[in-house]
Amino acid sequence: MTARPENTHQGRLLRLLRDNGSNSRAQLGDLVDLSRSKLAVEVDRLLETGLVVADGLAPSRGGRRSHNIRLAPTLRFLGVDIGATSIDVAVTNAELEVLGRLNQPMDVREGPVAVFEQVLAMAAKLRVSGLAEGFDGAGIGVPGPVRFPEGVPVAPPIMPGWDGFPVREALSQELGCPVMVDNDVNLMAMGEMHAGVARSVGDFLCVKIGTGIGCGIVAGGEVHRGVTGSAGDIGHIQVEPDGRACVCGNRGCLEAHFSGAALAGDAEKAAREGCSAQLAARLETSGRLTAEDVSAAAAAGDPVALELIREGGKRLGQVIAGLVSFFNPGLVVIGGGVTGLGHTLLASVRTQVYRQSLPLATGNLPIVLGELGPAAGAIGAARLISDHVFSPA
């Protein structure tokens, strides 16, 4: 079992080394509120645990040269991002640099046993490739609400058979390391906060558009999960009174009108009705359409595909505008599989948000695409478990 820091000071030092890389004792002293003697004691104790190692001499600051300290290069974290239709697994070092990553298609509706058999097989493949002898911790993201303290999915609408499944307990036993579980969009937000477009932002929204739609809420640098883990479930905010039936049992939800599945369904309808020659040709070739097909048709100038994206962006922007007025974030990040729709989607969302929300909230509000793409969730999962391992037991 990996050692854990003894106190909050040691935990703070570990997280600084994770986020900033190798640092001298003198530089660490500038960042933490500790006397030189107390800092020396805490660093020496961390060296004894093996969590950190000496890393040569630092450049002189005018006196005796200080020693550099870095996180142990042998530490390995596993980040697992389970989506509705695929699994992304990555191995990182202690600084959360991705050393290796695998992606496999998988339908989450096949249930937790089948999904985790695939996860474990992918983790084993990364391990035997020489990237890790074992894992010091694993973070897991799932596409539904999670009771965070227990690591258990709660009534996930698109995950039959997952309600109450002990994800954290089961995987901890299989992997032999600590495991933390969260909603996938929260982990996307953590990934963008650690290494993406939200690195310097403490209050932001991260909207994921895929098979479903969710929103990670980061306030003061911390993810807000809500009392039952369902904070940010914006896909089930109504955008059309008496609109389409949704998997949640209600009608007119955002997710029913604009998600990967909804967009593909609208595109197939347009193709079959002869409204778009490009979409019809793609449908004839593959037998079905996806959001990627709509994106490609739009990029080629197809007016029907462009209108589908604009209309979806308008509905999404309508919901985000309400969130902006309520939360007053410093940034809105849009990610997920549908972000291949790119700047047509972004322009439609921005127009709606800037039109509906008050200028005080939107005057300096960037609305941008995520930087990390499909790796965001796995990086966020590694960030989640590293936060846990680098905290006192």
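Residues numbered from 1 in each chain as written. Predicted model: local features only at pLDDT ≥ 70, side-chain atom pairs only at ≥ 80, totals over all residues. Heavy atoms only, no water.

Caption draft 1: Quick peek at the overall build of the chain. Regarding its fold elements, the chain presents 14 helices and 15 strands. Considered along the principal axes of its C-alpha atoms, the chain spans approximately 75 × 50 × 40 Å. Looking at the 393 residues of the chain, the share that counts as buried comes to 52%. Considering only contacts within the chain whose residues lie at least 6 apart along the sequence, 59% involve residues at least 24 apart. Surface summary for the chain: the accessible area is close to 17,200 Å², and the carbon and sulfur share equals 50%. (Helix = DSSP H or I, 4+ residues; strand = E, 2+ residues; numbered from the N terminus. Buried < 20%, exposed > 50% of the residue type's maximum accessible area, 1.4 Å probe, protein only. Contact = heavy atoms within 4.5 Å. Areas by Shrake-Rupley, 256 points an atom, 1.4 Å probe, with all protein chains shown as cover.)

Caption draft 2: Layout of helix α14 (residues 376-389). Spanning 14 residues, α14 covers 20 Å between terminal C-alpha atoms, matching the ideal 20 Å at 1.5 Å per step. Taken across its 14 residues, α14 has 12 buried, putting it largely inside the fold. Residues Ala376, Gly377, Ala378, Ile379, Gly380, Ala381, Ala382, Arg383, Leu384, Ile385, Ser386 and Val389 constitute the buried set of α14. (Expected span 1.5 Å × (residues − 1).)

Caption draft 3: Seen up close, unusual backbone geometry. The backbone phi angle of leucine 96 is positive, close to 65°, even though this residue is not glycine. Relative to the elements of secondary structure, leucine 96 occurs in the loop between β5 (86-92) and β6 (98-105). Of the residues examined, leucine 96 reaches a relative accessible area of 5% and is grouped as buried. Phi at aspartate 242 is positive, roughly 55°, even though this residue is not glycine. By secondary structure assignment, the location of aspartate 242 is in the loop between β13 (222-223) and α7 (254-257). Residue aspartate 242 is classed as exposed on the basis of its relative accessible area of 69%.

Caption draft 4: View of the pairing of β6. Across seven bridges, β5 lies against β6 in antiparallel orientation. Bridging across to β6, aspartate 88 finds its partner in asparagine 103. In this antiparallel pair of consecutive strands, β5 and β6, the connection spans five residues, and leucine 96 shows a positive phi of 65°. (Pairing = 2+ DSSP bridges.)

Caption draft 5: Quick peek at the sheet that holds β13. Judged by pairing direction, the sheet is mixed, and its five strands sit side by side in the order β13-β12-β11-β14-β15 without closing on themselves. Each end of this open sheet is capped by a strand with a single partner; those strands are β13 and β15 (367-369). The sheet contact formed by strand β12 (residues 213-219) and β13 spans two bridges and is antiparallel. Its bridge partner lying in β13, alanine 219 is registered against glutamate 222. The strands touched by helix α6 (residues 184-195) within the sheet are β11 (204-209), β12, β13 and β14 (332-335), with β12 carrying the most contacts at an inclination of about 50°. (Axes fitted to C-alpha atoms, helices over the stretch in contact; angles between N-to-C directions.)

Caption draft 6: Summary view of helix α8 (residues 260-272). Along its 13 residues, α8 runs 18 Å from first to last C-alpha, staying within 8% of the 18 Å computed at 1.5 Å per residue. Along α8, the residues that are buried comprise Gly260, Ala262, Leu263, Ala264, Asp266, Ala267, Glu268, Ala270 and Ala271. Next to the buried residues of α8 lie α7, α9 (277-286), α10 (291-299) and α11 (303-327). Within two residues after α8, glycine 274 carries a phi angle of roughly 75°, on the positive side.

Caption draft 7: Representation of the sheet that holds β6 in the model. As summarised here, the arrangement of the five strands in space is β6-β5-β4-β7-β10, forming an open sheet in which the pairing is mixed. Since the sheet does not close on itself, it has two edges, and those belong to β6 and β10 (179-183), each with one partner. Averaged over all adjacent pairs, the angle separating strand axes in this sheet is 15°, with direction ignored. Of the pairings in the sheet, the one linking strand β4 (residues 77-82) to strand β7 (residues 137-142) comprises five bridges and is parallel in character. Its bridge partner being in β7, valine 80 is matched across the sheet by isoleucine 140. Against the sheet, α14 makes contact with β4, β5, β6, β7 and β10, and its axis sits at roughly 135° relative to β4, the strand it touches most.

Caption draft 8: Here's a closer look at the pattern of salt bridges. All chains considered together, the criterion is met by 17 salt bridges. Glutamate 240 serves as the salt-bridge partner of arginine 315, at 3.1 Å between the closest nitrogen and oxygen. Residue arginine 315 is located in helix α11, and its partner glutamate 240 is located in the loop between β13 and α7; the two are separated by 75 residues in the primary sequence. Using a relative accessible area of 27% as the deciding quantity, one classes glutamate 240 as partly exposed. (Salt bridge = Lys/Arg side-chain N within 4 Å of Asp/Glu carboxyl O.)

Caption draft 9: Region of interest: the side chain of glutamate 192. Residue position: glutamate 192 is located in helix α6. One buried charged residue, glutamate 192, remains without a salt bridge, the closest side chain of opposite sign being arginine 199 at 6.7 Å. Excluding residues that lie within four positions of it along the chain, glutamate 192 makes contacts with Val197, Ala198, Arg199, Val333, Gly370, Glu371, Leu372, Gly373 and Ala376. (Lys, Arg positive; Asp, Glu negative; His and termini not counted.)

Caption draft 10: Highlighting the packing of aromatic side chains. As enumerated under the stated definition, the model contains four aromatic pairs in all. Between the aromatic rings of phenylalanine 77 and phenylalanine 390, the centroid separation amounts to 5.8 Å while the plane-to-plane angle is 75°, which identifies the pairing as edge-to-face. Placement of phenylalanine 77 in strand β4 and of phenylalanine 390 in the segment after α14 is noted, with a sequence separation of 313 residues between them. Each member of the pair, phenylalanine 77 as well as phenylalanine 390, carries the same accessibility label: buried. Following the ring pairs from residue to residue traces out a cluster consisting of Phe116, Trp162 and Phe165. Geometry around phenylalanine 148 places arginine 225 over its ring, the cationic atom sitting 3.7 Å from the centre. (Phe/Tyr/Trp six-rings, centres within 6.5 Å; stacked < 30°, edge-to-face > 60°. Lys NZ or Arg CZ within 6 Å of the ring centre and 35° of its normal.)

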